[in-house]
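Below, each chain spelled out in residue letters.
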Amino acid sequence: MFRTKRSVLVRRLWRSRAPGGEEEEEAAAGGEPGAAAAAEARAHVCGGGRGCCPGKAGRGGRASAGAEAELKALTHAVLKRLKERQLEGLLHAVESRGGARTPCLLLPAKADSRLGQHWYPLPVLLCKVFRWPDLRHCSEVKRLCCCESYGKAHPELVCCNPHHLSRLCELESPPPPYSRYPMDFLKPTDCPDSVPSSTETGGTNCLAPGGLSDSQVLQEPGDRSHWCVVAYWEEKTRVGRLYSVQEPSLDIFYDLPQGNGFCLGQLNSDNKSQLVQKVRSKIGYGIQLTKEVDGVWVYNRSSYPIFIKSATLDNPDSRTLLVHKVFPGFSIKAFDYEKAYSLQRPNDHEFMQQPWTGFTVQISFVKGWGQCYTRQFISSCPCWLEVIFNNR
C-alpha cells in the first residue's frame, strides 16, 4: 500500500520524538507502591521544574503501553491537522535539533489537547513530545526572540515550533554550591595607575592600563554602538580578538549548520592540550546571547552543560557568588542591568571611569570550576567566554 507524503512526514516526526517521560507519572497517578516517592526523589535531585536540570524521569525506559498509545494518538491527531509545508518545517526543526533556521509553526492560540488528566496548550504539547517529556506547564518555557510570537501577550495565532522555545532555568533557593566566591572582588582596589581585571584568577589583579587596550572599547565617551564585547579564552590564553556585539541577539558556536555570529571554530588556536581539543569539539551549537527588556539572557543550545558566574544572579546582600550550571535547552537571565547599577557606588566618580567586574559575565563550556571541582578558577577551564557589558 502506498503511503502519502503527509503520512510519511507524520511517521518520521513520531520516530523523532524525545525519550519517554510519562512512565513514572502514570505509575504515581495509579497509586503504584513507592512510585510517587521515587519520582519525587528524582525530581528533588534534578531540581524538579524549578532548577536548571532537565527532568530525568522515565529516561531509563519507554513509557507504559497505555500512556504511549494515548500520546501517539494525540500527537498524530495534532500533526494531521497541519499542512504539508508545516509538517516539513517542523520535521526540519526537530531533526536538526534547532541548528537550522526554521519558520514559525503558527496555530490557533486557544487550541489545546488533553493528555491523561491534564490539558496542554499546543506549544507545550509539542515541546513535551519532541524536547522535554517532563514538561507540565507553559510557565516552564521561554520563547526565543527569533520567534514571531515573542513579546505578544494574547495573539490569535501562536508559534508551536518546539525549537523556538527554551526551558526556563529558575534559580533554586538556596542554589546548589557549584562554587562560591567572596564578594570582595567586586570592590575596586587601590592600585595606582591601574584598572581592575578578573580574567586571570577570578579575583582582582592590578594591570597596567596599556595591557587592557581591548577593554577600553567600553570606555570610549559617547560610544553606544555596541552593548557588549565577548572574549574567548582557552585556559589562560585569549584566542582571537574581542568580538563587539551590536545586534540584540548573538549566536556563539563552534559548529552550527546555519550559524551567523561568533564562530569559535574559525579562530586560530595554538593550544595543543587534548582536553581543550575535546571540549572545543563539544561546544557544537554553543549558546545564544540576547539583550532583552529585563536583562541579558543566555540560551544553552549545545548538547552539554554550561557554567555561568554573574554578580547579578545572586542576592545583592550575599557575601558569595555562585557558579550556576545550565543544562542543554535551558535559558537563564545571566545579567540584570538594574541590579548591576545598584551594586555600584554612584557617587564615586573615579570608580565610574573604570571597568567594573560587576558588568562582566563568565561562561565555561562543559567543565565547571570552583570548590566542587579540581579547577578553582575559570582560567583553568579548557574553553570559556568573558562577556563585558557596556555600562554607558
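Residues numbered from 1 in each chain as written. Predicted model: local features only at pLDDT ≥ 70, side-chain atom pairs only at ≥ 80, totals over all residues. Heavy atoms only, no water.

Caption draft 1: Fine view of the sheet that holds strand β4 (residues 141-143). Strands sit in the order β4-β6-β18-β15-β14-β12-β13 across an open sheet of seven strands; the sheet is mixed. Of all the strands in the sheet, the pair left with one neighbour each is β4 and β13 (261-263). Direction aside, neighbouring strands of the sheet carry axes that sit 30° apart on average. Two strands pair when backbone bridges link them, and strand β6 (residues 165-168) and strand β18 (residues 330-335) are joined in this way by two bridges, in the parallel orientation. Looking at β18, one finds that Leu-168 is bridged to Ser-331. (Pairing = 2+ DSSP bridges. Helix = DSSP H or I, 4+ residues; strand = E, 2+ residues; numbered from the N terminus. Axes fitted to C-alpha atoms, helices over the stretch in contact; angles between N-to-C directions.)

Caption draft 2: Spotlight on the nonpolar core. In this structure, Val-230, Val-298, Ile-308, Ile-363, Phe-365 and Phe-389 are the most contacted members of the largest nonpolar core, which totals 38 residues. With four residues, β18 is the largest single contributor of residues to this core. The next biggest cluster of nonpolar side chains, apart from the first, holds 30 residues, and it includes Val-10, Leu-79, Leu-126 and Cys-127. (Core = buried A, V, L, I, M, F, W, Y, C linked by side-chain atoms within 4.5 Å. Buried < 20%, exposed > 50% of the residue type's maximum accessible area, 1.4 Å probe, protein only.)

Caption draft 3: Fine view of the packing of aromatic side chains. According to the stated counting rule, one finds nine aromatic pairs in the structure shown. An angle of 80° between the planes, with centres 5.8 Å apart, marks the rings of Phe-307 and Tyr-373 as edge-to-face. Of this pair, Phe-307 sits in strand β16 (residues 306-310) while Tyr-373 sits in the loop between β19 (360-365) and β20 (384-389), placing them 66 residues apart in sequence. Ring centres of Phe-335 and Tyr-337 lie 5.0 Å apart, and the angle between their planes is 85°; on these two criteria the pair is classed as edge-to-face. Residue Phe-335 is classed as buried on the basis of its relative accessible area, which comes to 0%. Residue classification places Tyr-337 among the buried residues on the basis of a relative accessible area of 16%. (Phe/Tyr/Trp six-rings, centres within 6.5 Å; stacked < 30°, edge-to-face > 60°.)

Caption draft 4: Broad picture of the packing of helix α1 (residues 5-15) against helix α5 (residues 84-95). Interaxial distance between α1 and α5 falls to 10 Å at its minimum, and their mutual angle equals 25°. As the angle between them shows, α1 and α5 are arranged roughly parallel. Crossing hand, α1 versus α5: left-handed. The residues of α5 that touch α1, namely those facing Lys-5, Arg-6, Leu-9, Val-10, Arg-12 and Leu-13, are Glu-84, Leu-87, Glu-88, Leu-90, Leu-91, Val-94 and Glu-95. Each residue belonging to the contact of α1 with α5 can be placed in one class, and the counts come to seven nonpolar, no polar and six charged. (Parallel < 35°, antiparallel > 145°, perpendicular 65-115°, else oblique. Left-handed = near helix turned anticlockwise from the far one by under 90°. Contact = heavy atoms within 4.5 Å. Nonpolar A, V, L, I, M, F, W, Y, C, P; charged D, E, K, R; others polar.)

Caption draft 5: Layout of the pattern of salt bridges. As enumerated under the stated definition, the model contains ten salt bridges in all. For Lys-5, the salt bridge goes to Glu-84, with nearest N and O atoms at 3.5 Å. On the criterion of sequence distance, the pair formed by Lys-5 in helix α1 and Glu-84 in helix α5 is long-range, its members being 79 residues apart. On the accessibility criterion, Glu-84 (33% relative accessible area) is partly exposed. Residue Glu-95 is joined to Arg-12 by a salt bridge in which the shortest nitrogen-to-oxygen separation is 2.9 Å. Here Arg-12 lies in helix α1 and Glu-95 lies in helix α5, a separation of 83 residues in the sequence. Residue classification places Arg-12 among the partly exposed residues on the basis of a relative accessible area of 32%. Taken together, the shared-partner salt bridges connect Lys-5, Glu-84 and Glu-88 into one network. (Salt bridge = Lys/Arg side-chain N within 4 Å of Asp/Glu carboxyl O.)

Caption draft 6: Representation of unusual backbone geometry within the structure. Located in the positive-phi region is Arg-97, a residue other than glycine, with phi close to 55°. If you trace the backbone, Arg-97 turns up in the loop between α5 and β1 (106-108). The backbone of Glu-235 sits at a positive phi, close to 55°, despite the residue not being glycine. Of note, Glu-235 is situated in the loop between β10 (228-234) and β11 (237-245). Take Glu-235: its relative accessible area is 28%, and that puts it in the partly exposed class.

Caption draft 7: Local environment of the environment of Glu-68. For Glu-68, the position within the fold is in helix α4 (residues 65-79). With relative accessibility at 15%, the residue Glu-68 sits in the buried group.

Caption draft 8: Molecular detail of the confidence of the model for the protein chain. Mean pLDDT over the protein chain: 76, with 69% of residues reaching 70 or higher. In the model of the protein chain, strand β9 (residues 205-207) stands out as the element of lowest mean pLDDT, 28, in contrast to β10, which has the highest, 97. Confidence over residues 21-51 falls short of pLDDT 50; this stretch has 39 contacts with residues more than four positions distant or in other chains. Across residues 55-61 the pLDDT falls below 50, and counting only partners more than four positions away or on other chains, this stretch makes twelve contacts in the model. (pLDDT = per-residue confidence, 0-100.)

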